[in-house]
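# Structural features, examined
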Amino acid sequence: MTPRFSIVIPAYNAEAYLQPCLDSIFSQDFPDFEVIVIDDGSTDGTAALLHRYPQAKVIRQENQGMSTARNRGIDEARGEYILFVDSDDLLTDNALAALAPQLAGEDIVGFNCQKLLEPSGEYTCHPSISEPEASDGWTYYNRHRLTPTDIHFVCIWQRAYRRQFLNENNLRFADGILRAEDDLFTTMAMLAAQSLKTITPCLYTYRVHANSITTTVDRRRFDDSLKVQHMLADRFIPLQGIDKTAIYRVLASNYINLFSHRTQSLYGNIDREMSRWINWKQFRTVCITPRHRRLYRLIRLHPALFRLFEHLTR
């Protein structure tokens, strides 16, 4: 029998956080779900901890990264809808019971999330969804992608995805990508979705701690974000017949940020490296606003001029 939900959890050396995550799921009042945990080559006590949860389907594989682990979870899933939960995060109480009656065959259903700040234990919730909404995915993307929110628009765990929709459109994460995989997946899913709905309940808790991926600096992750930038530019620049305003503004901002003070402070002066890496024709194409065109010209003259302008206009 097809369960209502498949909950996919990639886990790599997650012993310190995985138990609260699983407890938050298996304590749900709504019983019609399966849990698929992909142990992605953990070397700590993750495997032993998972033995205490026989109700979970555990798949063990050599370490291949979160994207590949999530793809394995999609392939193994049997549920009508798939939810992605990170191994250090939580579902809120009664999340599945609140979500289930809202599903009516939509490709994607979005909901609100909150942050749990550690070690303080403080919860913060600044809802990005103020009222229910229904549209196709690309209309929703253009309407909301550039709106500042407490939870980044592209985070995949703030939405449920109809499994058949993912399979019919071959929507998977880019294997081997360790950073910005959500950006690529979410953008492509929004482009493909014929029906999207949002609801206002807060159903997911994102735990922010010292070991969170978004709080760590890693050159490999930076390089992966560049690969995703290439993939998005290659996909969308030739695409005709859609509104590309939002995606172009995202891509232009990403190009510009490669030369920013912040990037330098994290990775050192990589101007020459970035100048060789960038497809300048693509960069110029996506600069459709006067501001982006001005910053593009400064960077082309010399990246240091852009950083001077950045400093003077703070």
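See above for the structure.
Position numbers for residues count from 1 along each chain, tracking the sequence in the order it is written. With pLDDT at 70 or above as the cut-off, local features in this predicted model cover only qualifying residues; side-chain atom pairs require 80 or more to be listed or tallied, and sums for whole chains, interfaces and linings still use all residues. Each side-chain value is worked out from all heavy atoms of the structure, with water and hydrogens disregarded.

Take a nonpolar patch on the surface next. Patch membership requires more than 30% relative accessible area and the absence of a salt bridge. Residues of like charge join within 9 Å; the nonpolar side chains Val, Leu, Ile, Met, Phe, Trp and Tyr join within 5 Å. Each accessible area is a Shrake-Rupley estimate made with a 1.4 Å probe; only the visible protein chains count as cover when residues are assessed. Think of a salt bridge as a Lys or Arg side-chain nitrogen and an Asp or Glu carboxyl oxygen that are within 4 Å of each other. Residues Leu301, Leu305, Leu308 and Leu312 make up a contiguous nonpolar surface patch of about 430 Å² in total accessible area. If one sorts the elements of the nonpolar patch by residue count, helix H14 (residues 303-312) sits on top with 3 residues. Elements are defined by DSSP. Helices are runs of H or I of four residues or more, strands are runs of E of two residues or more, and each kind is numbered from the N terminus. Within the element layout of this structure, Leu312 appears in helix H14. Assessed through its relative accessible area of 63%, Leu312 is described here as exposed. For the exposure calls, accessible area comes from a 1.4 Å probe over protein chains only, and a residue counts as buried if that area is under 20% of its type's maximum, exposed if over 50%, partly exposed in between.

Tallying each qualifying case throughout the model produces 17 salt bridges. Measuring nitrogen to oxygen at the nearest pair gives 3.2 Å for the salt bridge that ties Arg78 to Glu34. In this pair, Arg78 is assigned in the loop between helix H3 (66-76) and strand S4 (81-84) and Glu34 in strand S2 (residues 33-40), connecting sequence segments 44 residues apart. Arg78 gets classed as partly exposed once you look at its relative accessible area, which sits at 43%. Assessed through its relative accessible area of 11%, Glu34 is described here as buried. Residues participating in the shared-partner salt-bridge network are Arg70, Asp86, Glu181 and Asp182.

Attention now goes to the packing of aromatic side chains. Aromatic rings from Phe, Tyr and Trp, with only the six-membered ring used for Trp, were paired whenever their centres fell within 6.5 Å, and each pair was classed as stacked if the ring planes differed by under 30 degrees, edge-to-face if by over 60, and tilted otherwise. A full pass over the atoms with the stated rule returns 21 aromatic pairs. Seen in terms of ring centroids, Phe84 and Phe173 are 5.5 Å apart; in terms of plane orientation they differ by 90 degrees. Their pairing is edge-to-face. In this pair, Phe84 sits in strand S4 while Phe173 sits in the loop between helix H6 (163-168) and helix H7 (181-192), placing the two residues 89 residues apart along the sequence. For the pair formed by Phe84 and Phe173, the shared burial category is buried. Cluster of aromatic residues (ring-pair linked, three or more members): Tyr255, Phe259, Trp277, Trp280, Phe283 and Tyr296. Two conditions define a charge located above a ring, namely a distance within 6 Å from the ring centre to NZ of Lys or CZ of Arg, and an angle within 35 degrees of the ring normal. Taking NZ or CZ as reference, Arg70 lies 5.1 Å from the ring centre of Phe173, over its face.

Our focus in this paragraph is a positive patch on the surface. In this tally Asp and Glu are treated as negative and Lys and Arg as positive; neither His nor the chain ends contributes. Each charge is placed at NZ for Lys, CZ for Arg, CG for Asp and CD for Glu. Judged by side-chain charge, Arg291, Arg293, Arg294 and Arg297 come together as a positively charged surface patch. You can see Arg294 is positioned in helix H13 (residues 290-301).

Time to look at H14. Where H14 is concerned, the buried positions are Pro303, Phe306 and Arg307. End-on view of H14: buried residues confined to an arc of 95 degrees, all on one side of the axis. Should any heavy atoms of two residues lie within 4.5 Å, those residues are considered in contact. Buried positions along H14 lie against helix H9 (245-257), helix H10 (261-267), helix H11 (271-277) and H13. Directions from the helix axis toward the C-beta atoms define the arc.

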